[in-house]
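# Structural features, examined
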Amino acid sequence: MKKLKNKTLQAFLDNLVEALKDENENRGWDNKNEENKESIFDIPFLVSSLWQAFREKLDTYTDFIKCLNHTFYQIHIVKSDDNYYGICKAIVTFYDSKETKDFQYEIDFLYNQRDWGYCQCTPDMKDYREDKHCCGHGCDWWAPSFEIRKSYRINIQSWDGDEHDYWDFEDEFYLSDKELAEKKENEDREREIWELKSRIEADQKRLAELENK
Ligand SMILES: [Zn+2]
Ligand SMILES: [Zn+2]
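Figured I'd write up the structure that's included with this text. (Residues numbered from 1 in each chain as written. Chains lettered and ligands numbered in written order. Predicted model: local features only at pLDDT ≥ 70, side-chain atom pairs only at ≥ 80, totals over all residues. Heavy atoms only, no water.)

Within the structure shown, the criterion is met by 23 aromatic pairs. Considering the side-chain rings of Phe-94 and Tyr-105, the 5.9 Å spacing of their centres and the 75 degrees angle between planes classify their relative orientation as edge-to-face. Taken together, the positions of Phe-94 in strand β2 (residues 86–95) and Tyr-105 in strand β3 (residues 103–114) put the pair 11 residues apart, joining distant regions of the chain. For the pair formed by Phe-94 and Tyr-105, the shared burial category is buried. Connected via pairs of aromatic rings, a cluster forms that spans Phe-12, Phe-54, Tyr-61, Phe-64, Tyr-73, Phe-94, Phe-103, Tyr-105 and Tyr-152. Between Lys-150 and the ring centre of Phe-103, over which it is positioned, the NZ or CZ distance is 4.9 Å. (Phe/Tyr/Trp six-rings, centres within 6.5 Å; stacked < 30°, edge-to-face > 60°. Helix = DSSP H or I, 4+ residues; strand = E, 2+ residues; numbered from the N terminus. Buried < 20%, exposed > 50% of the residue type's maximum accessible area, 1.4 Å probe, protein only. Lys NZ or Arg CZ within 6 Å of the ring centre and 35° of its normal.)

Next up, the structure:
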C-alpha cells in the first residue's frame with residue numbers, strides 16, 4: 001500500500017490494518033470449521049476503497065483528521081448490521097475527556113455488486129491473470145466499498161421502575177394493540193401445545209420401553 005501524504009490518515013490506516021489483523025487472529029483460533037474460515041477478513045480488499053478516499057477526498061475528512069489528531073481513539077471491528085452487502089464494521093470510538101461526550105465514527109465495509117457480465121476470459125486475452133482466471137475488465141465483480149458515519153450519544157437510559165412496573169407497561173401496551181396481543185396469545189398457545197405433544201410423545205416412548213421389557 002502506497003503511503004498517504006496525510007500522516008494522520010496514514011497512521012489511522014495502519015491502526016485499522018492492525019485491528020483487522022488482530023480480529024483475524026482471534027477468528028483463527030476457532031478456525032476448525034469452514035464457516036469461520038470464510039469469515040477471515042481480506043484486509044487489502046477492505047481498506048482499498050478507504051485508502052482511495054483518503055487520497056482523493058481530503059476535504060471530506062477535515063473533521064475526521066481533526067478528531068484523530070486531538071482525541072484518543074480506539075478501533076473495534078464488529079459484525080455488519082443486517083445488510084446483504086455488509087462485510088464488517090470498524091467502530092472508531094473517540095474518548096473526549098474534556099466534554100465527557102464520547103462519539104464514534106463508523107466505517108461500514110460493504111460489497112458493491114457490479115454485474116458487468118459473466119466471465120468468459122481466456123488465457124490469450126490481454127491482461128489475463130493466470131492466478132485470477134480472468135482479465136479483470138468488465139466481468140462480474142463484487143467490488144470493495146464503504147460508508148462512513150459520525151454519531152454522538154445523546155442519552156443513556158434504563159427503565160425507571162422495577163420489574164412489576166414494567167409489567168404494567170407491558171399490559172397497557174397489549175391493551176392498546178389488540179392485534180399484537182392476539183398474535184402473542186396464539187403463539188404462546190401453539191408453543192404450549194407443541195411442548196405438551198413432545199412431552200407426551202417422550203412419555204409414551206418410555207412407557208412402551210417399560211412395557212416391552
Ligand atoms: Zn473475466
Ligand atoms: Zn418477587
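One recurring pattern in soluble globular proteins: nonpolar side chains tend to sit buried together. In terms of nonpolar packing, the biggest core is built from 34 residues, with Phe-12 and Leu-16 touching the most fellow members. For this core, the secondary structure elements donating two or more residues are α1 (7–29), α3 (43–56), α4 (62–70), β1 (72–79), β2 and β3. Element by element, the count of residues in this core is highest for α3, at eight residues. The contacts of Leu-16, once residues within four sequence positions are left out, are Val-47, Leu-50, Ile-75, Ile-77, Ala-90 and Phe-109. Listed in part, the five residues of the second largest apolar core include Cys-121, Tyr-128, Cys-135 and Cys-139. (Core = buried A, V, L, I, M, F, W, Y, C linked by side-chain atoms within 4.5 Å. Contact = heavy atoms within 4.5 Å.)

The next thing to look at is the environment of Leu-58. Within the fold, Leu-58 resides in the loop between α3 and α4. Judged by relative accessible area, which is 37%, Leu-58 ranks as partly exposed. C-alpha separation for the pair Leu-58 and Glu-195, spaced 137 residues apart in sequence, amounts to 60 Å. Ignoring anything within four residues of it in the chain, the contact list for Leu-58 reads Asn-6, Leu-9, Ala-53 and Ile-65.

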